[in-house]
Amino acid sequence: DVKVTQSSRYLVKRTGEKVFLECVQDMDHENMFWYRQDPGLGLRLIYFSYDVKMKEKGDIPEGYSVSREKKERFSLILESASTNQTSMYLCASSSGPGYTFGSGTRLTVV
Amino acid sequence: ELKVEQNPLFLSMQEGKNYTIYCNYSTTSDRLYWYRQDPGKSLESLFVLLSNGAVKQEGRLMASLDTKARLSTLHITAAVHDLSATYFCAVDERTSGSRLTFGEGTQLTVNP
């Protein structure tokens, strides 16, 4: 069964901390994505990557960065976490028309 | 910039009734996705519509795509309580690589 695995289901971090959200896929997909989901706003694209060491800004990249050193792993980095980054974060991967989503990480910044 | 709009955003309906959720989008695309999300869970893929006129059905749900009107519909037939969830449509604009842009979601509650 193909999978997108997000390392943490729930995280609580303090304001100002550097936070890493990890995503690993086992489908050899080229494309990987990070979205955040907030009530009433749907899912918004933060960053995406079409290849190793490649990254593109999505619609809301401010306050975030990403790293893709290996094809299967795409990390989202919050350089200095703030309370307005409290949200559900979803990772996805794709190849062709098929997208697969991870189970999500609910991040709370206090 | 691609915009995707769903309506209604909230839908409360009785079991046994029919209803339609609409998804409008602002630029040309021939790839439209419907997802279901239960509270606290991730997205479950329902339908992938890949051409104008595409129609897909699974159980009580049927989705269609009209690329000329930039409109997709998700029709619910004889709703049951188990269909209560949030439904998202998403469009892959494919202008410079593939990426999904989501609608706001429709929160569906089916009452006994």
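Reading the values: the criteria
Residues numbered from 1 in each chain as written. Chains lettered and ligands numbered in written order. Predicted model: local features only at pLDDT ≥ 70, side-chain atom pairs only at ≥ 80, totals over all residues. Heavy atoms only, no water. Helix = DSSP H or I, 4+ residues; strand = E, 2+ residues; numbered from the N terminus. Rg over C-alpha atoms; globule rule 2.2 N^0.38 Å. Buried < 20%, exposed > 50% of the residue type's maximum accessible area, 1.4 Å probe, protein only. Contact = heavy atoms within 4.5 Å. Areas by Shrake-Rupley, 256 points an atom, 1.4 Å probe, with all protein chains shown as cover. Lys, Arg positive; Asp, Glu negative; His and termini not counted. Charge placed at Lys NZ, Arg CZ, Asp CG, Glu CD. Buried area = accessible area lost by both parts, 1.4 Å probe. Salt bridge = Lys/Arg side-chain N within 4 Å of Asp/Glu carboxyl O. Polar contact = N/O pair within 3.5 Å; in protein donor to acceptor, adjacent residues only side chain to side chain.

J.: Would you mind going over the overall build of chain B with me for this structure?
T.: In terms of helices and strands, chain B carries zero helices and 11 strands. Start at the N end of chain B and walk to the C end: the helices and strands fall as β-β-β-β-β-β-β-β-β-β-β. Taken over C-alpha atoms, the radius of gyration comes to 14 Å for chain B, in line with the 13 Å a tight globule of 112 residues would show. Considered along the principal axes of its C-alpha atoms, chain B spans approximately 45 × 30 × 20 Å. Taking all 112 residues of chain B together, the buried fraction comes to 46%. A separation of at least 24 residues holds for 54% of the contacts in chain B among residues at least 6 apart in sequence. Carbon and sulfur atoms make up 48% of the accessible area of chain B, which amounts to about 5500 Å² in all. If you average the places of the 11 positive and of the 12 negative side-chain charges in chain B, the two averages end up 3 Å apart.

J.: Is there a simple way to explain the interface of chain A and chain B in this structure?
T.: A common way to express how large an interface is: the accessible area buried when the components associate. If you look at the interface, chain A gives 21 residues, while chain B gives 20 residues. Between chain A and chain B, a total of about 1600 Å² is buried, with carbon and sulfur atoms accounting for 51% of that surface. Of all residues in chain A, Pro97(A), Tyr99(A) and Phe101(A) bury the most surface against chain B, accounting for 33% of the area lost on that side. Counting every contact that joins chain A to chain B gives one salt bridge. Where Arg99(B) meets Asp59(A), a salt bridge forms, and the shortest distance between an N and an O atom there is 3.0 Å. Where chain A meets chain B, there are nine residue pairs in polar contact (both at pLDDT 80 or more). Put simply, the parts of the chain that give the side of chain A that touches chain B at least two residues each are strand 5 (31-38), strand 6 (42-49) and strand 11 (98-101) of chain A.

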